[in-house]
Amino acid sequence: MPNSKPPFSERFFKMLVRVFPFDFQTNYGGEMAGVFREQEREAEARGGVGGVLRLWTETIAGVFRTAPREHWEILKQDCAYAFRMMRQNRGFTLIAVLTLALGIGANTAIFSVVHAVLLSPLPYRQGQQLVFVRQQAQKMGVNDIGFSVPEILDYRDQNRTFSSLVEYHTMSFTLFGHGDPARVRTGVVSWNYFEMFGIKPILGRTFLPPDDQIGAPPVLLLSYEYWKGDFHGDPGIVGKTFEMNDKVHTVIGVLPPVPQYPNENDVYMPTSACPFRSSQRMIEGRDHRMMEVFGRLKPGVSLAQADADLATIASRLESSYSKTYPPEAGYGVAASSLRDELTQGARPTLIVLLAAAGFVLLIACANVANLTLSRMARRERELAVRTALGAGRSRLLRQLLTESFVLAFIGGAAGLLLAYDSLGLLADFAARLTPRAREIHVDTGVLLFTLAAAVGVSVIFGTLSAVSARGSLASGLKEGSAGAGAGRQRTLVRSVLIVAQIAFSFILLIGAGLMLRSLYQMLQVNPGFVPQRVLAMRLTFNWSKNKTGEEIALEAKQLLDRAKGEPDVLSAAVSSTYPLEPELLTFGQSTTNFQIEGHPLASGDAPPLANVASASPDYFKTLGIPLLRGRLFADTDDQKSLQVVVINDAMRRRYWPNEDPIGKRLSPNDGKDWLTIVGVVGDVRELGVDQTPGVEVYSPVAQSADARTLLVRTMVDPWILANRLSRAVHEVDPQIAISHVMSVEDARHESLAAPRLTASLLGLFAGLALLIAVAGIGGVMALSVSQRVREIGIRMALGAQPSGIVRMFLGQGLGLALLGVGIGFAGALALTRLLKSLLFEVTPTDPATFIGVALVLIIAALVACFVPARRAASIDPNVALRCE
Amino acid sequence: MTKKRESESYLPLTPAMFHVLLALADGEKHGYAILKEVAHRTEGKVQLSAGTLYGNLARLEGSGMILESDRRPEFGLDDERRRYYRLTDFGREVAIAEARRMEETLAQAHAKRLFRKPGLV
């Protein structure tokens, strides 16, 4: 009996042989099976089952030892061949690598941002347990009113769901003992703040309970950035002392680089060291709210459980202190995940950019596939010759896949370099959206992403070229094969790819177009003031030296007189802040509840809320804010005179739509003080040109004693005056810290940076896409012309006019472009909803953008087709017919 | 000279490769016969698995040291699917070069009196 082997062992061995490269299997597979059969027979005869098992072990080990070497040999050969082919087709290689580098680079760059900001866990110990706790007054429309000291103590003592609750607020103090007096942004925190986050200092220690006792020697922790920037990373900083708030503060440590939320600080101090927080008034005042609260959930506690716990405490407090928590204010407390807090500002933009980068990669892929297809047409003969010389079909397919992988890999590496290069810029961009921007870097995750992108790309276009090659391998050596079925099929595939490229480009162009329109709208908005040629600088008085309002008012007056005396100064003002000031955009405006004389509140109604600002008489003139009614502040409006305010037009419209508000009175403190309205000024977009102006109340600096900003309108470039004015300020009071010197125009520019950068990036992506797609459609047309030379010759010989030929090809190109635009139109309608939250006064389906982009794309496609169409029209029928 | 240099570029051969060349030195053989010959000659110390054998055959064939033989045993005497391999002149040169290399190494070991028991000199 010739066939006495058990079928399973033979089947298994054949499966094993599949580990080898296909050619190896074809060459030796049958023989190997034969040898193995004989070995098995002999092993069985000699050693029984044990012998057979031993043989199997040795055989399996042998296969897995040998097969990788065989694959490696082939890979080496294929790579060498791929490099040879790439050298031979330098133009193709350059374009393909460049296209892929742009596609993969754009994706890698955006992904590294998304990875760091949205995907990575927070750089704190068990960051998923960290929450931000908000006290809200919903009926008054305030999302975050902060907490007072008694409230924090109540929530800390009564909760059952938090392992710790810590407080935080930020203030500016003046630091002496390190060059000029410096304004330092100071985070004031509970002693266990850093312990709760799991932040370990890189130098020294963090706070301990004794540091937070009232009367403890004041201590400071420096942020990493402040230590690096202002102290050049001095390793001996711990133990150094500085003067702040009239007390000696000792540096006890330096923090590592971690994202700081809700804002960046230069230094941190325990609550006991802050003169405001440690005052009796703050410690006892239940409605003196200025603190934020962070917490760590106990293990296994969900956000909903924490919210329920907080709500129970809130309602307990509401019944115990009904005067502090009137039901009409709608007090409530809610926790939200810190991770969401840190990233929610960046999420929509990053998702849009990632989608856009993804489209660019798809377009790049389609383009390289297209290039590959046209090259395959030229390589048909080479492949056919190699087949005839004995190369197996699968061997050639493997070769083509290797070639595409080598291309994609080089493109990926170049893309990675591009991405690495642009990362600094992107991190700056992301920093405007999230404090996590500092975590952006290229790491293993990003490298794996790039590799995956390169492999994915090579699989897509490698498969396409392989599939296309399969059709032609059989017929390659036959004469005239270039014009045969395979060629036509290829043209169809190429047309589909072109339509896809145009559709994707259309979607990207729509995205970019909408963002640009939105940006244009923002630039067109009248902000309500004239930002040009105004210099602003932040002044921080030494708090301990300027205790009374009168003193501050007096010093402000001296400052103004000094500033106005400088040459080239048109007008000068001091104020609490100015419109679009970066810090204002971060922290929001100060607000107050007020009541209007003669307008008693209906029960259950929340008291109205207004933004408050203080301004010296020339504030409105300096910023070009128009007076609409009444008068502006005068020097005579001081502490001794009538308390006056100026309101904005939005307030007038809301509360006195049909009356003159001049002479009406407001009270910010339940009728204790009454402020008389003396003027109405125009609305100003304080918080962003895309933010509708709210209700605004201005009080004179002389009465409110809040002078933190010096504003100067100049005749020349305001920057020229920066140094002169700083000197002037220090001549009035050398202890004033000056910071944030910038022109108001720069502040406005800065406030638009995020939308401008988003628009620029989208525009860049869309531009690339357009270029690639238009070049692609031109290429397809050129190929189509060269394939149809004979047909064109016949047509012309039969009397066709050159203009007719041009029309024919333009019509063909127009057909592809229209189809692509049509599909893109549908896609864009579905996808632009993603952009909605980023758009200002533009709908996601803005007809003008859609029509404009469609026209641009179609015209660009026609121009690209015109060149090959003209070449077709200039074909000499005699030559064309003879050639064929 | 060039040829010599070329054959030396393959040295040292892996033991499995050398044994396969050696097995073909006295005439052409099919795969299973090579396995048997190697096992027999080394008294079972070298047992090649099918994968290792054909991996080596592929490489030797690729570098021109062996060739598939055209000759087949008479009909009925052997399985027709079996392929026979023979040593090429180049393969013989490489095998000789490898044997010389081993011989030289062995001579050096002798010169160093490696085989004598230490302390007897």
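Refer to the structure printed above.
Residues numbered from 1 in each chain as written. Chains lettered and ligands numbered in written order. Predicted model: local features only at pLDDT ≥ 70, side-chain atom pairs only at ≥ 80, totals over all residues.

Engineer: Go over the pairing of strand 15 (residues 609–615) of chain A, please, and point to the residues and values.
Structural biologist: All names here are of chain A. The buried count for strand 15 comes to 6 of 7 residues, which makes it a mostly enclosed element. With 4 bridges joining them, strand 13 (residues 590–593) and strand 15 adopt antiparallel strand pairing. The partner of N593 across the bridge, within strand 15, is L609. Bridge count for strand 15 against strand 20 (residues 696–700) is 5 bridges, and the pairing is parallel. Of the residues in strand 20, the one forming a bridge with A613 is Y698. (Buried ≥ 20, exposed ≤ 12 C-beta atoms within 10 Å, placed from the backbone. Helix = DSSP H or I, 4+ residues; strand = E, 2+ residues; numbered from the N terminus. Pairing = 2+ DSSP bridges.)

Engineer: Describe the environment of F147 of chain A, and please don't skip the residues or the numbers.
Structural biologist: Residue and element names in this part refer to chain A. Its location among the elements puts F147 in the loop between strand 1 (130–137) and helix 4 (149–158). C-beta crowding within 10 Å serves as the criterion here: with 26 such atoms nearby, F147 is assigned to the buried category. Taking the C-alpha atoms as reference points, F147 and T170, 23 residues apart in sequence, are found 13 Å from one another. If we skip the residues at most four places from it in the chain, F147 touches Q135, I152, E167, R289, M291 and V293. (Contact = placed C-beta atoms within 7 Å.)

Engineer: Go over the interface of chain B and chain A with me, naming the residues and quoting the values.
Structural biologist: Between chain B and chain A, the residue contacts involve 15 residues of the former and 18 residues of the latter. Within the residue set of the side of chain B that touches chain A, elements represented by two or more residues are helix 3 (31–41) and helix 4 (50–62) of chain B. Classifying every residue of the side of chain B that touches chain A by side-chain character gives 5 nonpolar, 6 polar and 4 charged. (Nonpolar A, V, L, I, M, F, W, Y, C, P; charged D, E, K, R; others polar.)

Engineer: Give me the lowdown on the pairing of strand 7 (residues 247–254) of chain A, citing residues and values where you can.
Structural biologist: Residue and element names in this part refer to chain A. With 2 bridges joining them, strand 4 (residues 203–204) and strand 7 adopt antiparallel strand pairing. For L203, the partnering residue across the bridge sits in strand 7 and is V254. Pairing of strand 5 (residues 219–222) with strand 7, which is carried by 4 bridges, proceeds in the parallel orientation. The partner of L221 across the bridge, within strand 7, is G253. Remark: 2 residues form the turn of the hairpin made by strand 6 (residues 241–244) and strand 7, two consecutive strands paired antiparallel; N245 in that turn has positive phi of roughly 50°.

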